[in-house]
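Each chain, written out:
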Amino acid sequence: MARAQAPSTATPFNGLDTHLGNLSRLSDAKSRSISPENFQGEKGKAGMATEGTGKNAARELGQTWKVSPSVRIAAKSTYTIADIDGPGVIQQIWMTPAPLDKTRQYILRFYWDGEDEPSVEVPMADFFCCAWGKYCQINSLPVCVNPGSAFNSYWSMPFRKKARITMENLDAKDMVLYYQVNYTLTDVPADAAYFHAQFRRVHKLEPKTNYTILEGVKGKGHYVGTYLAWEVRSPGWWGEGEIKFFIDGDNAFPTICGTGTEDYFCGSYNFENQETHKYQTFSTPYTGLAQVLPPDIIYVPGQRFGLYRWHIADPIRFDKDLKVTIQALGWKSEGRYLPLEDDIASVAFWYQAEPHAKFPALPDSEALTVKPQVLVKPAAK
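Residues numbered from 1 in each chain as written. Predicted model: local features only at pLDDT ≥ 70, side-chain atom pairs only at ≥ 80, totals over all residues. Heavy atoms only, no water.

Student: Sorry if this is basic, but what is going on with the overall build of the protein here?
Tutor: If you tally the helices and strands in the protein, you get three helices and 25 strands. In terms of C-alpha radius of gyration, the protein reaches 23 Å, essentially the compact-globule figure of 21 Å for 381 residues. With the C-alpha coordinates aligned to their principal axes, the bounding extent of the protein is approximately 80 × 60 × 45 Å. Looking at the protein residue by residue over its 381 residues, the buried ones come to 49%. Across the protein, the fraction of contacts at a sequence separation of at least 24, relative to all contacts at a separation of at least 6, is 73%. Carbon and sulfur atoms make up 53% of the accessible area of the protein, which totals about 19,100 Å². (Helix = DSSP H or I, 4+ residues; strand = E, 2+ residues; numbered from the N terminus. Rg over C-alpha atoms; globule rule 2.2 N^0.38 Å. Buried < 20%, exposed > 50% of the residue type's maximum accessible area, 1.4 Å probe, protein only. Contact = heavy atoms within 4.5 Å. Areas by Shrake-Rupley, 256 points an atom, 1.4 Å probe, with all protein chains shown as cover.)

And the structure:
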């Protein structure tokens, strides 16, 4: 005789944080997606366009045949990519811009629950770890960049009332954007914090000063990632500098201090391949030196680098405030450290409870521009 099963008292599965171990579980979460083929993400209303950037190509086929695959964003204008009523979570974003070399001029902003100030304000290029306007493959868990210019985000972005995403085109020319925002409508846990990302850039670091990746954060949260776009201005190795996390009232001395730039990005000994004696690029789930421009030289002023470090397994938690800095440090004669004056841009990624402190002003279009690369090669011996 079969035994009667006791009724389950477990909390119903909300469909979030799926992985291979729970992918079989059913939930009441609703899958939705916003794209130029369904601007509002409405149920049963995708692929209905009769006007769009693909209208001419589809002229013999008509409605449902890829009539609106992309949008054209006018120069010096802002376009609303998504405006979603919650509760829910953005789970994946795919974008591909044209042209690729202007992506520092395209500004992404995310607003949660009707806030006036954005929680994310980052050039598109830097948000997806490709700051230098050139294709760079990224094989990480939260960010993937795939051929030929496909930008993908897998950061989980919960919201309770509303989520709004915009793209500002600072360039003097129109841009074309293909995009898809995949999200689920479901209950959001009470302890779920909001996703934040902030951009900063210094064209020439002041002598004997640290580069500030993030400061002014107030509230409770955890830091989850760093992206750096670094251009060296001096010959020789540039990555001896330490990263520091000042947590909850730390003043002169931080709670967490790294041992070197390549160490923080989980590499060692200058990222140098000991056989080729060139920089060795790598892109892994949590860390990467994904971009070296150009790749066939080493220790030359003007060389450019793209690095990321995700604190997914080791988030930096704070209760009241957080500041993050990194040193630009090389070598000079007699084994002495040399403070550098490099060009550094960064994106800090973190989660926190709202409200958040207002971000510093974003650099203007000119200050964001990636100038032509100038290498200062050593004189022949």
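What follows picks up the thread again.
Student: Hey, could you run me through the layout of surface pockets in this one?
Tutor: Any empty space left between atoms is shown by rolling a water-sized probe over those atoms. Counted as a void, the largest pocket has a volume near 960 Å³. If you go around the largest pocket, you meet 29 residues; those closest to its centre are Asp17, Ser156, Pro158, His222 and Tyr351. Elements supplying a minimum of two residues to the lining of the largest pocket: β4 (88–98), β15 (221–231), β21 (316–318) and β25 (343–352). Classifying every residue of the lining of the largest pocket by side-chain character gives 17 nonpolar, seven polar and five charged. When its volume is computed, the second largest pocket comes out at roughly 240 Å³. What lines the second largest pocket is a set of 20 residues, and nearest its centre among them are Asp101, Lys102, Arg104, Thr369 and Val370. (1 Å grid on protein atoms, 1.4 Å probe; cavity = no way out; pocket = protein on both sides within 12 Å on 5 of 7 lines; lining within 4 Å. Points joined across faces, edges and corners; volume = space filled by probe spheres on them. Nonpolar A, V, L, I, M, F, W, Y, C, P; charged D, E, K, R; others polar.)

Student: Sorry if this is basic, but what is going on with the side chain of Thr166 here?
Tutor: Looking at the secondary structure, you find Thr166 in strand β11 (residues 162–169). The class of Thr166 is buried, set by a relative accessible area of 3%. Those residues in contact with Thr166 that lie beyond four places of it in its chain are Thr78, Tyr79, Thr80, Ile81, Ile107, Leu108, Arg109 and Tyr111.

Student: Just to check I follow, could you spell out the packing of aromatic side chains for this structure?
Tutor: Taken as a whole, this structure holds 27 aromatic pairs when the rule is applied. Considering the side-chain rings of Phe127 and Phe349, the 5.9 Å spacing of their centres and the 55° angle between planes classify their relative orientation as tilted. Highlighted residues: Phe127 in helix α1 (residues 124–127) and Phe349 in strand β25, separated in sequence by 222 residues. Judged by its relative accessible area of 0%, Phe127 is buried. Here Phe349 falls in the buried class, since its relative accessible area comes to 0%. Here the aromatic rings of Trp237 and Tyr279 are separated by 6.5 Å at their centres, their planes lie at 40°, and the arrangement is tilted. Of this pair, Trp237 sits in the loop between β15 and β16 (243–247) while Tyr279 is found in the loop between α2 (261–264) and β18 (282–283), placing the two residues 42 residues apart along the sequence. (Phe/Tyr/Trp six-rings, centres within 6.5 Å; stacked < 30°, edge-to-face > 60°.)

Student: Please explain the pairing of β16 as it appears in this structure.
Tutor: Look at any regular strand and the pattern is simple: side chains alternate between the two faces of the sheet. The buried fraction of β16 amounts to five of the five residues, a majority that puts the element mostly inside the structure. Burial along β16 is two-sided: Ile243, Phe245 and Ile247 and Lys244 and Phe246, pointing in opposite directions, are all buried. Two elements, β16 and strand β22 (residues 321–326), share five bridges in a ladder whose sense is antiparallel. Residue pairing in the sheet places Lys244 in a bridge with Thr325 of β22. (Pairing = 2+ DSSP bridges.)

Student: I would appreciate a short explanation of the nonpolar core in the present structure.
Tutor: Among soluble globular proteins, nonpolar side chains are generally buried collectively. By size, the foremost hydrophobic cluster in this structure holds 59 residues, and its most contacted members are Ile81, Ile90 and Phe127. Apart from the residues lying within four places of it in its own chain, the contact partners of Ile90 are Ile84, Trp112, Trp155, Ser156, Met157, Phe159, Ala163, Ile165, Val181, Asn182 and Tyr183. Counting residues in hydrophobic clusters, the runner-up holds 34 residues, among them Ile213, Tyr223, Val232 and Ile326. (Core = buried A, V, L, I, M, F, W, Y, C linked by side-chain atoms within 4.5 Å.)

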